[in-house]
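Results of the structural survey
The lines below spell out each chain.
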Amino acid sequence: MNGRRFDIRVKVGDRVLVDARSVPLVKNGITLMFGESGIGKSLAGKALFGLLDEDEYSVVINGESYRDYCARPEIVSARQNGFFMFQEPSSHLNPLQTVEEQLCEGTLAEAHDPIAPVRELWKADDSETLTGILPV
């Protein structure tokens, strides 16, 4: 999984749970899925790592069946050598807190550059714009 993009579709019966297009993954990098609760971030991540139960979910990744996708050597290797961070329920995106308050929780609070996590999330270099995101 080196610099690839993934189209992920997860269904249960006729109900689409995830329809994510062009999700980027970079080798030796960190991918953040940022958004409100219940939109399928965890399901998408589990699908990419081959962690979903084929009997429960219908999954297609990049147009390929989930069984074939999960059998790919790079996916087997990712499960063996990578790690998947499950959402920790007490620290999910809280609409009652600002972005800045949420970035000051947990290990993000240890960052030497408080704008660094925002720069990574929004892929921007303009410090004024990034600083403007913090009070949202």
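Here's what I pulled together on the structure shown here. If you're wondering where the values come from, they're calculated on a predicted model, not measured in any experiment. (Residues numbered from 1 in each chain as written. Predicted model: local features only at pLDDT ≥ 70, side-chain atom pairs only at ≥ 80, totals over all residues. Heavy atoms only, no water.)

1. Digging into the overall build of the protein
- The helix and strand tally for the protein stands at six helices and four strands.
- For the protein, the succession of helices and strands along the chain, N to C, is β-β-α-β-β-α-α-α-α-α.
- Here the protein holds 136 residues, and the buried ones make up 26% of them.
- When contacts within the protein are restricted to residue pairs at least 6 apart in sequence, long-range pairs at least 24 apart make up 47% of them.
- A total of about 9,300 Å² of accessible surface is found on the protein, and carbon and sulfur atoms cover 52% of it. (Helix = DSSP H or I, 4+ residues; strand = E, 2+ residues; numbered from the N terminus. Buried < 20%, exposed > 50% of the residue type's maximum accessible area, 1.4 Å probe, protein only. Contact = heavy atoms within 4.5 Å. Areas by Shrake-Rupley, 256 points an atom, 1.4 Å probe, with all protein chains shown as cover.)

2. Topic: the side chain of Glu 64
- By the secondary structure assignment, Glu 64 is in strand 4 (residues 64–65).
- Once residues within four sequence positions are removed from consideration, Glu 64 is found in contact with Val 59, Tyr 69 and Arg 72.

3. Structural notes on the pattern of salt bridges
- Using the criterion set out here, one finds six salt bridges in the structure.
- Residues Arg 4 and Glu 74 are paired through a salt bridge, measuring 3.5 Å at the closest nitrogen-oxygen approach. Taken together, the residues span a long stretch of sequence, with Arg 4 in strand 1 (residues 4–12) and Glu 74 in helix 3 (residues 73–81) at a distance of 70 residues.
- Look at Glu 74 and you get partly exposed, because its relative accessible area is 24%.
- The partner of Arg 9 in a salt bridge is Asp 19, with the nearest N and O atoms 3.1 Å apart. Separated by ten residues along the polypeptide, Arg 9 in strand 1 and Asp 19 in strand 2 (residues 15–25) bring together distant segments of the chain. (Salt bridge = Lys/Arg side-chain N within 4 Å of Asp/Glu carboxyl O.)

4. Description of helix 1 (residues 41–48)
- Buried residues dominate helix 1, accounting for six of its eight residues.
- Those residues of helix 1 not exposed but buried are Lys 41, Leu 43, Ala 44, Gly 45, Ala 47 and Leu 48.
- In this fold, the buried residues of helix 1 make contact with strand 1, strand 2, strand 3 (58–61), helix 2 (66–71) and helix 3.
- A positive phi of about 75 degrees marks Gly 50, the residue just after helix 1.

5. Here's the deal with the pairing of strand 2
- The pairing of strand 1 with strand 2 spans eight bridges and is antiparallel. Across the sheet, the residue bridging to Ile 8 is Ala 20, located in strand 2.
- Once strand 1 ends, the chain turns through two residues before running back antiparallel as strand 2, passing Gly 13 with a positive phi of about 65 degrees. (Pairing = 2+ DSSP bridges.)

6. Topic: the sheet that holds strand 2
- Spatially, the four strands line up as an open sheet ordered 2-1-3-4, and their pairing is antiparallel. The outermost strands of the open sheet, each flanked by one partner alone, are strand 2 and strand 4.

7. Brief notes about the environment of Ser 58
- As for its placement among the helices and strands, Ser 58 is situated in strand 3.
- Overall, the relative accessible area of 40% leaves Ser 58 in the partly exposed class.
- As for Ser 58 and Arg 15, which are separated by 43 residues in sequence, their C-alpha atoms are 9.9 Å apart.
- The contacts of Ser 58, once residues within four sequence positions are left out, are Arg 9, Val 10 and Lys 11.

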